[in-house]
Amino acid sequence: MNKLLSITSLLFMFAGLSGCGSDTVAVDDPHENYVPELRAFDIIDSYDTDTANPNHPPLVFDPYLYEGLYEIFWDVDSLEDYRVSLRINDRNSIEGSLLVHTQWCGAGRSCDQSGNWVCEYTSDFYMSCEGSARELDIYPLVDQLPQRIFMFIEICDFDSGYCEFDYYPVTLQ
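Residues numbered from 1 in each chain as written. Predicted model: local features only at pLDDT ≥ 70, side-chain atom pairs only at ≥ 80, totals over all residues. Heavy atoms only, no water.

What follows covers the environment of E37. Mapped onto the elements of the fold, E37 is located in strand β1 (residues 37-44). Residue E37 is classed as partly exposed on the basis of its relative accessible area, which comes to 38%. A C-alpha to C-alpha distance of 9.1 Å links E37 and C156, two positions 119 residues apart in sequence. (Helix = DSSP H or I, 4+ residues; strand = E, 2+ residues; numbered from the N terminus. Buried < 20%, exposed > 50% of the residue type's maximum accessible area, 1.4 Å probe, protein only.)

With respect to topology, five strands assemble into an open sheet ordered β1-β3-β6-β7-β8, the strand pairing being antiparallel. Whereas interior strands pair on both sides, the edge strands pair on one side only; in this sheet they are β1 and β8 (136-137). (Pairing = 2+ DSSP bridges.)

With that settled, consider the nonpolar core. In this structure, Y70, I72, W74, M127 and M151 are the most contacted members of the largest nonpolar core, which totals 33 residues. Not counting chain neighbours up to four residues away, the residues in contact with Y70 comprise I44, D45, F61, L86, V100, W117, V118, C119, E120, Y121, M127 and M151. (Core = buried A, V, L, I, M, F, W, Y, C linked by side-chain atoms within 4.5 Å. Contact = heavy atoms within 4.5 Å.)

So this is what it looks like as structure tokens:
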């Protein structure tokens, strides 16, 4: 009887194993192409106007107040590293804009899901942000003062080249 149970058990085991690997089962790939999402972009200007406050007055950069300093803040939802860039243009299009500052952000970097920069606008029409290797000459964008310009924040995915941006109009004095 024991031999019969052992042989029967072995037959069932082999029958069960014979089907293993013979059929291909399609598994849905749970990985999606995750891209960074810009959740917030705010500026504090020369007059302490903060775009995070609803119904804020128009933004103004003045090189003679607080040494022309202004602040940039952003929040991003991103699973991977992303590049954040501050750009300026004389129209509300990112096409043809000038790069003021850029930085890679992500886990273990100085900026992860959020960040901020202290930037400067000088009376001789230069802009830079903390950590910038150079100052940007914005004189080609200025016809006369006061001048309306547009400040852009752009975030780009490390892998796919996907980018998105937001902007605010600012008056240069």
